[in-house]
Amino acid sequence: MTATIDLNDGTSIPQLGFGTYLVPPQDTAATVGSALEAGYRHIDTAQMYGNEAEVGQAVADSGLPRQELYLTSKLDNGNHRPDDVRRTFEESLTRLGLERLDLFLIHWPLPTRYDGDYVSTWKAVADLIGEGTLRSAGVSNFEPDHLERIIGETGIVPAVNQIEVHPYFPNERAREASLRHGIAVEAWGPLGQGAVLGDEAVASIAERTGRTPAQVILRWHIQRGDIVFPKSMNRARMEENARIFDFELSPEDVRAINGLDRGPAGRGGPDPNTFDYVG
Ligand SMILES: NC(=O)C1=CN([C@@H]2O[C@H](COP(=O)(O)OP(=O)(O)OC[C@H]3O[C@@H](n4cnc5c(N)ncnc54)[C@H](OP(=O)(O)O)[C@@H]3O)[C@@H](O)[C@H]2O)C=CC1
Ligand SMILES: O=C(O)C(=O)[C@@H](O)[C@H](O)C(=O)CO
């Protein structure tokens, strides 16, 4: 169903996955189960989403061999203190019913919290590698300055940076800073959390190519080399979002979608420089 992307630590990740933000816990086992049936093998969750246990339930119920699956979770904003990193990572493993996670990310840098000390948090996350319980360590919502600090002060380069990326907010500064360090880019909100789906330019490309707007947008991401995990609670849309490896956008279509960039106004989510929410 999908291509894979090689990470800088020698592992690889399926380029297409399934997102679980705002999938309520009571619906998660069925929704993720449906995504696994539809062929998804990469699931993105987070401590913050409150649905790790139900993701784990879907994985167990699927009967799929563990090595066929790629599972990511993220450190919640209240768990940045180094002592809390290991403890809550182990709690995530327990909730997920796993012996090993494929990827664990610092969810937000929280530069205005914990005295701005996300460097110690990064060191604690990276230290989890090598104990057999985590394959790859990364970050999320890290801006160029945050990346420079953690790499400069620890010498450890994250495997991925999961950032907001979509046609209205291609986030080129953070994307290029990541790629310059060999850090793979995971595009969260690849459909602009729904906002890009009604775009006229996208609709006209969709009509001409016989695809849907979601497929056109997701294909644009794939051709850029970004890792995506669209979320849908609808089985038909899950299947639609996965049928993106049997066509190609022309250079003209790619240029037209690149032209939808709205600059900073296109950002749909919080600004990582100021976001300091701790639940
Ligand atoms: N690291 C971070 O800070 C963040 C990470 N994420 C991760 O990224 C994932 C993806 O981002 P997300 O915020 O969910 O937004 P997406 O860009 O994936 O958009 C999801 C929305 O689009 C709708 N949708 C999906 N497919 C289609 C389709 N084919 N046609 C029409 N509508 C569609 C969904 O509705 P419906 O369910 O009804 O189909 C939902 O409303 C998250 O689920 C999460 O795992 C997200 C935000 C922040
Ligand atoms: O979904 C995530 O992973 C997030 O971090 C966001 O939901 C973020 O917390 C947010 O948008 C809060 O309004």
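Residues numbered from 1 in each chain as written. Chains lettered and ligands numbered in written order. Predicted model: local features only at pLDDT ≥ 70, side-chain atom pairs only at ≥ 80, totals over all residues. Heavy atoms only, no water.

The name that an unreviewed UniProt entry assigns to the protein chain is 2,5-diketo-D-gluconic acid reductase, with the source organism given as Streptomyces xiamenensis. In the Sequence similarities (unreviewed entry) part of its UniProt record, the protein chain is described as follows: "Belongs to the aldo/keto reductase family." (UniProt positions renumbered as here; feature names shortened; annotations may be inferred.)

Once that is clear, we can look at the site of ligand 2. Taken together, the residues surrounding ligand 2 are Tyr21, Met48, Tyr49, His107, Trp108, Pro270 and Phe275. Interatomic distance of 2.4 Å between a side-chain N/O atom of Tyr49 and an oxygen atom of ligand 2. In this structure, His107 approaches ligand 2 through a side-chain N or O atom, which is 2.6 Å from an oxygen atom. Here the shell around ligand 2 is built from residues that sort into six nonpolar, one polar and no charged. (Near = heavy atom within 4 Å. Polar contact = N/O pair within 3.5 Å; in protein donor to acceptor, adjacent residues only side chain to side chain. Nonpolar A, V, L, I, M, F, W, Y, C, P; charged D, E, K, R; others polar.)

Here we take up the site of ligand 1. Around ligand 1 there are 28 residues in total, and Asp44, Gln193, Ser232, Met233 and Arg237 lie nearest to it. The contact in question runs from a nitrogen atom of ligand 1 to an N or O atom on the side chain of Tyr49, over 3.4 Å. Side-chain polar atom of Ser232 to an oxygen atom of ligand 1: 2.5 Å apart, as the coordinates give it. Contact with the protein chains covers 85% of the free accessible surface of ligand 1, which is 910 Å². Here the shell around ligand 1 takes three residues from helix H9 (residues 235-242), the largest share from any one element. (Areas by Shrake-Rupley, 256 points an atom, 1.4 Å probe, with all protein chains shown as cover. Helix = DSSP H or I, 4+ residues; strand = E, 2+ residues; numbered from the N terminus.)

The next point concerns the UniProt feature "site: Lowers pKa of active site Tyr" (unreviewed entry) in the protein chain. Those residues carrying the UniProt feature "site: Lowers pKa of active site Tyr" (unreviewed entry) are Lys74 in this numbering. Topologically, Lys74 is positioned in strand S5 (residues 70-75). Owing to a relative accessible area of 0%, Lys74 belongs among the buried residues under this scheme. Ignoring anything within four residues of it in the chain, the contact list for Lys74 reads Asp44, Thr45, Ala46, Gln47, Tyr49, Phe104, Leu105, His107 and Gln162. (Buried < 20%, exposed > 50% of the residue type's maximum accessible area, 1.4 Å probe, protein only. Contact = heavy atoms within 4.5 Å.)

Before going further, it helps to spend a moment on the sheet that holds strand S7 (residues 134-140). Within the open sheet, the eight strands sit side by side as S3-S4-S5-S6-S7-S8-S9-S10. Their pairing is parallel. Strands at the two margins of the open sheet, each flanked by one partner only, are strand S3 (18-19) and strand S10 (227-228). Across five bridges, the pairing between strand S8 (residues 160-164) and strand S9 (residues 184-188) is parallel. The residue of S9 that forms the bridge with Gln162 is Glu186. (Pairing = 2+ DSSP bridges.)

Attention shifts here to the packing of helix H7 (residues 200-209) against helix H10 (residues 251-258). Two measures define how a pair of helices packs: the angle their axes make with one another and the distance between the axes. As a packed pair, H7 and H10 sit with axes 10 Å apart at the nearest point and diverge in direction by 160 degrees. Between H7 and H10, the interaxial angle falls into the category roughly antiparallel. Taken as a pair, H7 and H10 cross one another with a handedness that is left-handed. For the pair H7 and H10, the contacting residues are Ile205, Arg208 and Thr209 in the first and Asp253, Ala256 and Ile257 in the second. Tallied by class, residues from the contact of H7 with H10 come to three nonpolar, one polar and two charged. (Axes fitted to C-alpha atoms, helices over the stretch in contact; angles between N-to-C directions. Parallel < 35°, antiparallel > 145°, perpendicular 65-115°, else oblique. Left-handed = near helix turned anticlockwise from the far one by under 90°.)

What follows concerns the pairing of S7. Counting buried positions along S7 gives six out of seven residues, so the element sits mostly inside the fold. Pairing of strand S6 (residues 101-106) with S7 involves five bridges; the strand directions are parallel. Across the sheet, the residue bridging to Leu103 is Ser136, located in S7. With helix H4 (residues 118-126) bridging S6 and its parallel neighbour S7, the resulting β-α-β unit is right-handed. This β-α-β element, S7 to helix H5 (residues 144-154) to S8, shows right-handed connectivity. (Right-handed = clockwise from strand over helix to strand, strands pointing away.)

A word on the packing of aromatic side chains. Enumeration over the complete set of coordinates arrives at six aromatic pairs. When the centroid spacing of 5.6 Å and the interplanar angle of 80 degrees are considered together, the rings of Tyr118 and Phe142 count as edge-to-face. Highlighted residues: Tyr118 in helix H4 and Phe142 in the loop between S7 and H5, separated in sequence by 24 residues. Both residues of the pair, Tyr118 and Phe142, count as buried. Among the aromatic residues, those joined into a cluster by ring pairs are Trp108, Phe275 and Tyr277. Positioned above the aromatic ring of Phe247 is the side chain of Arg219, whose terminal nitrogen or guanidinium carbon lies 6.0 Å from the ring centre. Against the face of Tyr168 rests Arg262, its NZ or CZ located 3.6 Å from the ring centre. (Phe/Tyr/Trp six-rings, centres within 6.5 Å; stacked < 30°, edge-to-face > 60°. Lys NZ or Arg CZ within 6 Å of the ring centre and 35° of its normal.)

We now examine the pattern of salt bridges. Using the criterion set out here, one finds 21 salt bridges in the structure. One salt bridge in this structure joins Arg175 and Glu172, with 3.6 Å as the shortest N-O distance. Taken together, the positions of Arg175 and Glu172, both in helix H6 (residues 172-180) and three residues apart, correspond to about one turn of that helix. Residue classification places Arg175 among the buried positions, given a relative accessible area of 9%. For Glu172, a relative accessible area of 29% translates into the label partly exposed. Glu239 is the salt-bridge partner of Arg235, the closest N and O atoms lying 2.6 Å from each other. In this pair, Arg235 and Glu239 are both assigned in helix H9, four residues apart and thus about one turn of the helix distant. A relative accessible area of 31% places Arg235 in the partly exposed class. Residue classification places Glu239 among the partly exposed residues on the basis of a relative accessible area of 30%. Three or more residues are tied together by salt bridges with common partners; here these are Arg66, Arg100, Asp102 and Arg135. (Salt bridge = Lys/Arg side-chain N within 4 Å of Asp/Glu carboxyl O.)

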